[in-house]
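Below, each chain spelled out in residue letters.
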Amino acid sequence: MSNRVCETLNIEYPIIQGAMAWTSMAPLVAAVSEAGGLGVLGSGFMPKEIILEQINAVRSMTSKPFAANLFLDPGPQLEEGVSAIIEGKVPVAYIDSLNLLELEFTKKYYDRFHEAGIKVVAKINYLEDALVAEKAGADVIITKGVEGGGHCTKISGRVLLAEVCENVKTVPIVASGGIATPRQAAACTVVGAEGIEMGTAFMASEECPVHENVKQAVIKAKDRDIVACGHSTGEPSWQIKNKLADKLLKIDADNPWDKAADMIREASQGSLRIASLEGEVDEQGAVLSGQVCGLIHSVKACKQLVANFTEEWCNCLKKTYTLY
């Protein structure tokens, strides 16, 4: 299969694995890339030395292209990430953002990566961001809908994808947020996407290095089990409802938000690591997941989630649909 996403990123199938902290580590990233997609290191909050260790680990498992992520927000963490990605000669920089993009600042960093021979994938939350990313020189744009895991965005994935496809003409678009089936991918293609990104689906893959309890939590969860926690912090995240989630929701409900924010941070400190590495997924561990859990029913190999998935995706597009 060949389209602009594949040609730009030098991959076989237009499937990108979402960047997930404590989850998309070297074993998963290498497996996705080896299967023909684009594996992405969840390196946004890692120290430089850990990022470089993970880059080397990926390279020991595959020679195919992969990416590392960072957040385009001012501060020392941004510089650590940029330095590690350039020094490690990562083929693709996957750039997230928590705030609206500003053209001059954005272009400065895109240019640094391009000068180092690194492609830039921009993950955006609003149409305004997509327009800035296009002007700044992004090679691929990912539209993240509110359904997607991790930090909650605000715009429906269907609406954001349609907006961006209507207004961005020079950059290939990848749809993200709440995608786990080939039928969904086909629908995104009809709207205008040339690729898709999946995160939660890869969390439940054989090669994902998280604890088995996390994978089973994803499989067992229903759509109504996914709740947004931490609104008082200004950066709420989706997670599977458990005793910890109940506690966090109660903190927000019972306290002024200026006080609740610090209480949320204290109560949730280390919760992702506790779930992902130790397998405690009820009282102290947080399983961050998108709203798509109800469509994930089993643990699959990355090949199934990349090559086989794309074949079914294409078959869906070959079917004839008509209203008359």
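Our subject is the structure that appears above.
My aim in this report is to walk through the structure given alongside it, one point at a time. (Residues numbered from 1 in each chain as written. Predicted model: local features only at pLDDT ≥ 70, side-chain atom pairs only at ≥ 80, totals over all residues. Heavy atoms only, no water.)

Successive side chains on a regular strand alternate, one facing one side of the sheet and the next facing the other. Most of strand S4 (residues 92–96) is tucked away: five of the five residues are buried. Because side chains alternate across S4, one face comprises the buried residues Val92, Tyr94 and Asp96, and the other comprises Ala93 and Ile95, equally buried. Note that strand S3 (residues 66–71) and S4 share five bridges and pair parallel. Within S4, the residue paired with Phe71 across the bridge is Asp96. As for the winding sense of the linkage, the β-α-β connection from S3 through helix H4 (residues 76–87) to S4 is right-handed. Across four bridges, the pairing between S4 and strand S5 (residues 119–124) is parallel. In the sheet register, Val92 faces S5, and the bridge partner there is Lys119. Handedness of the β-α-β unit built from S4, helix H5 (residues 103–115) and S5 comes out right-handed. (Buried < 20%, exposed > 50% of the residue type's maximum accessible area, 1.4 Å probe, protein only. Helix = DSSP H or I, 4+ residues; strand = E, 2+ residues; numbered from the N terminus. Pairing = 2+ DSSP bridges. Right-handed = clockwise from strand over helix to strand, strands pointing away.)

Structurally, the position occupied by Ala201 is in helix H9 (residues 200–203). Its relative accessible area of 6% is what places Ala201 among the buried residues. In sequence terms Ala201 and Gly36 are 165 residues apart; their C-alpha atoms lie 16 Å from each other. Residue contacts for Ala201: discarding those within four places in its chain leaves Ala180, Ile296 and Leu305. (Contact = heavy atoms within 4.5 Å.)

Formed by 86 residues in total, the largest nonpolar core has its most connected members in Tyr110, Phe113, Ile124, Ile141, Ile196 and Phe202. Residue contributions to this core peak at seven residues, all from helix H14 (residues 302–318). Counting 14 residues, the second largest nonpolar core, distinct from the first, contains Leu9, Ile16, Ala67 and Ile142. (Core = buried A, V, L, I, M, F, W, Y, C linked by side-chain atoms within 4.5 Å.)

Attention now goes to the sheet that holds S3. Judged by pairing direction, the sheet is parallel, and its eight strands sit side by side in the order S1-S8-S7-S6-S5-S4-S3-S2 without closing on themselves. In this open sheet, the two strands that pair with only one neighbour each are strand S1 (15–17) and strand S2 (39–41). Strand after strand, the sheet turns through a mean of 25° between neighbouring axes, direction not considered. Across the sheet, helix H6 (residues 127–136) is in contact with S5 and strand S6 (140–144); its angle to S5 comes to roughly 165°. (Axes fitted to C-alpha atoms, helices over the stretch in contact; angles between N-to-C directions.)

Over its 17 residues, H14 extends 24 Å from the first C-alpha to the last, a length consistent with the 24 Å expected when each residue adds 1.5 Å. Those residues of H14 that fall on the buried side of the exposure criterion are Cys302, Leu305, Val306, Ala307, Phe309, Thr310, Trp313 and Cys316. Looking at the buried residues of H14, the elements they touch are S1, helix H2 (26–34), helix H8 (182–191), strand S8 (195–198) and H9. (Expected span 1.5 Å × (residues − 1).)

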